[in-house]
Amino acid sequence: MTPPPALPPLLDLTGIAVFALSGALLAAKMRQTIVSVVFFALVTGVGGGSVRDLLIDAPVFWVRDPWVAPVILMIAFITWFTPSRWWEGKMLDWADAVGLAVYSVLGTAKALAYGVAPVPAILMGVITGCVGGIIRDVLAGRPSILMRPELYVTAAALSATMCALGTLAGLPLFTVWAIAAVAGFCLRGAALIWNIELPAYSRDP
Amino acid sequence: MTPPPALPPLLDLTGIAVFALSGALLAAKMRQTIVSVVFFALVTGVGGGSVRDLLIDAPVFWVRDPWVAPVILMIAFITWFTPSRWWEGKMLDWADAVGLAVYSVLGTAKALAYGVAPVPAILMGVITGCVGGIIRDVLAGRPSILMRPELYVTAAALSATMCALGTLAGLPLFTVWAIAAVAGFCLRGAALIWNIELPAYSRDP
Amino acid sequence: MTPPPALPPLLDLTGIAVFALSGALLAAKMRQTIVSVVFFALVTGVGGGSVRDLLIDAPVFWVRDPWVAPVILMIAFITWFTPSRWWEGKMLDWADAVGLAVYSVLGTAKALAYGVAPVPAILMGVITGCVGGIIRDVLAGRPSILMRPELYVTAAALSATMCALGTLAGLPLFTVWAIAAVAGFCLRGAALIWNIELPAYSRDP
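The rules behind these values
Within each chain, residue numbers correspond to sequence positions counted from 1 in written order. As a convention, the first chain written is A and the first ligand written is 1, with the rest following in written order. For a predicted model such as this one, the threshold for reporting local features is a pLDDT of at least 70, and the threshold for listing and counting side-chain atom pairs is 80 or more; totals across whole chains, interfaces and linings nevertheless cover every residue. For the side-chain quantities, the full set of heavy atoms in the structure was used; hydrogens and water were omitted. In DSSP terms, a helix is any run of H or I states spanning at least four residues, a strand is any run of E spanning at least two, and both are numbered starting from the N terminus. Least-squares superposition aligns the copies on the C-alpha atoms of those residues with pLDDT at or above 70 in both. Any two residues whose heavy atoms approach within 4.5 Å are treated as being in contact. When a carboxyl oxygen of Asp or Glu lies within 4 Å of a side-chain nitrogen of Lys or Arg, that pair is called a salt bridge. When accessible area is computed with a 1.4 Å probe and restricted to protein chains, residues below 20% of their type maximum are described as buried, those above 50% as exposed, and intermediate ones as partly exposed.

A.B. asks: Is there a simple way to explain unusual backbone geometry in this structure?
C.D. replies: Keep in mind that most residues, glycine aside, have a negative phi and that most peptide bonds are trans. Within the chain, A:Asn195 stands out as a residue other than glycine whose phi angle is a positive 55 degrees. Among the secondary structure elements, A:Asn195 is positioned in the segment after helix H7 (173-194).

This is the structure we're talking about:
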C-alpha cells in the first residue's frame, strides 16, 4: 500500500465544517434542540467519510483526530446561538454544494491512496460526498437527496471521476483535486441556479 | 483462523447481480434517475455483504474486487435502457428470492470460515441476505421487508441455519450450500405463490 | 494502547438484555411476527455497540461472544410468548432508560481504553447508548428519539461526560461507572416523570 497523500489539514477541516453546518442548519430549521443540532452536525459532517473509512479498512478519520470533533461541536453551537437569518436564503444549499464537491474529491483520493481500484475508488468518493447527507435526510424523515431528480449525486460523481482519471494520468495531485472539486461544485451550482434535473426513467409506455 | 473456502466466483457474482437487479428495478419503478438506479443497485447488491464483512472484520468483499462494481454498474445500465415490461410481473420478487437464499448461505459460510460461532454465523447469513433489501426500503421510504408478515427473513434464516448445521455436521460444503440455498428459495417461493404469512404477535386480549 | 478494562460480564449482558427487551417490546406492540421481534431485539441490543466498535476499530463485541446472541434470542422469545400486559405501562420506557445509561458509560469506558481522546470518547458513549434506538425507530418508520424534545440523548451525554471526566480525574473506575450510569438514569427518569423537555431552536423572529 502506498501511504495516503498528506491532505492539507485546513482543507480537510473546512470540508467537514461546511458539511456539519448544513446538518446543523437543517436541525435548526426543523426547530430541534441543541442536542439534535449537535447530532445532525456530527452525522452530516463525518457520516460519509466514516462509511468510506470503514469500507476501505482505514482508521476512521475523526475518532482519534484532536480537531474534528471540537470543530463540529463549535459549528453546532454557532448555529444554535445565531439567528437563522444570518444563514438564510440559499446558504444551506451552497454550503452543501461546497462540502459535496470537496468531500467527493478527498474520498476518491484517499481510496486511491489505500490501493482501491479506480471504479470502487470513484464510488468511495461519491459515498464520502453523499452518504452524510443521505443519513441526515433519513434521520430527519424527509425524502433523501438520492430520490430527487436534481443534479446532486451526479455532481459528486463528476468530481470523483475527474479526480480518479487525473490521478491515473499522473497529473499533479493538488491541481487534480482543485479542478475536480471546482468542476463538481460548478455542476451543482448550475443545478441550483437553473434547476437542472436529470431525466427520470421512462421506458414504460 | 481457517482460511475462508474459495467461493465459486460465478455464483458469487450471480448472487450480487440478481440482488442489484432487484434494487435497480425498484428505483426504475419509482421513476428515478440513472444515478438513483445505480445507487440502489449498489446498496442492494452489496449492502448486506458489506455489513457482514464489517462485523466479522473481513476486508469488504467488493472494495478491492475488480469485477463486482463493474457488474453492478452494468446491471444498473441494463435496467435503465430496457423497458420495464421485460421485467414485469413477479420478476422483481423472484430475483429477490434468489438473491435472498444465495446470499444467506454465502454469508453464513463466510462467517463460519472466519471462525465465528454458529449462532452469530447464522445471524451473519440473515444479515447478508436481508440488510441490503432493508437499506433499500428505508432509502425508498417504503415499509421495510422486516415489517411485513410474509415469509422473507424467515427464508433467509432457514437457509442460514441449514448451512450452519450442515457445515457443523461435516457434510460436503458445496452440497450443503446448494441444499440450503434451494430450501430457502423454495420457502420464499411458496410464500410468493400461496401468500403464506407468519402469525403476528397476539398475546394481548 | 492500554488493554481495555475487564467489564463485569453480568453488567454487560444485563445492559444488552434490557436494551434488546425495549426493541422486542416495540416490535410486539406493533403486532409484528417472531422474526421481526428477533431482529428488533438484535438491532436495539447490539446496534449502538456495533457502530462504536466499528468506529474505534475494536472487534465487534457480540460476533465472537458465546453469550450475547443467545441472550438476545432468549429475550425475543420471552417477549413473544408472554402477554404484553406483563410489560405494560411505562415498562418500555424504563427498560430503555436503564439501557441508555448503562450503555453510554460502557461505550465511553471502552473508547477511552482503546486510546480515543476524551471528546470523541464521549461521542462514542452517546453513540453506544442511542444509536441502537435510533436504528430501531428508523426501521419502525416512527419519529426517531433524536427528533423528540424530551431529555433522551442528553441523558446519554451526561453519563458519557461524567464517565470521561471521572476517568481522567483518576477516580476508581467502578465507582465512576456506577455514579455516571445512575446520574444519566436519574436525568432520564426525571424526564419520564415530569416530562422535562429541552428548549427548541428559536433564534428566528
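A.B. asks: Got a minute to help me understand the relation of the copies chain A and chain C in this structure?
C.D. replies: You can overlay chain A on chain C at an RMSD of 0.0 Å; the transform is a turn of 120 degrees with a shift of 0.0 Å along its axis. Within this description, the copies of the chain are treated as partners about a three-fold rotation axis. A share of only 6% of interface residues in chain A that are also interface residues in chain C marks the association as one of differing surfaces.

A.B. asks: Would you take a moment to explain the environment of A:Leu26 for this structure?
C.D. replies: Residues and elements named next belong to chain A. Along the polypeptide, Leu26 turns up in helix H1 (residues 9-29). Considered as a pair, Leu26 and Ser159 are 133 residues apart in the sequence and their alpha carbons are 25 Å apart. In contact with Leu26, not counting residues within four places along its chain, are Leu92, Arg136, Asp137, Ala140 and Arg142.

A.B. asks: Before we go on, may I ask you to explain the relation of the copies chain A and chain B in this structure?
C.D. replies: Both copies of the chain are related by a screw-like operation: a rotation about an axis and a shift along it. You can overlay chain A on chain B at an RMSD of 0.0 Å; the transform is a turn of 120 degrees with a shift of 0.0 Å along its axis. Each copy contacts the other with its own distinct surface, as only 7% of the interface residues of chain A are interface residues in chain B too.

A.B. asks: Whenever I open this one, the pattern of salt bridges confuses me. Can you help?
C.D. replies: One side chain can pair with another of opposite charge once the charged atoms of both are near each other. With the rule as written, the count across this model stands at 9 salt bridges over all chains. Among the salt bridges present, the one from A:Asp53 reaches A:Lys110, with a minimum N-O distance of 3.0 Å. In this pair, A:Asp53 is assigned in helix H2 (residues 34-55) and A:Lys110 in helix H4 (residues 91-113), connecting sequence segments 57 residues apart. Taken individually, A:Asp53 and A:Lys110 each receive the classification buried, so the pair is uniform in this respect. We note a salt bridge from B:Arg136 to B:Asp137, for which the minimum N-O separation is 3.2 Å. Exposure class is identical for B:Arg136 and B:Asp137. Each is buried. When salt bridges with common partners are traced through the structure, they connect A:Arg52, A:Asp53 and A:Lys110 into a single cluster.

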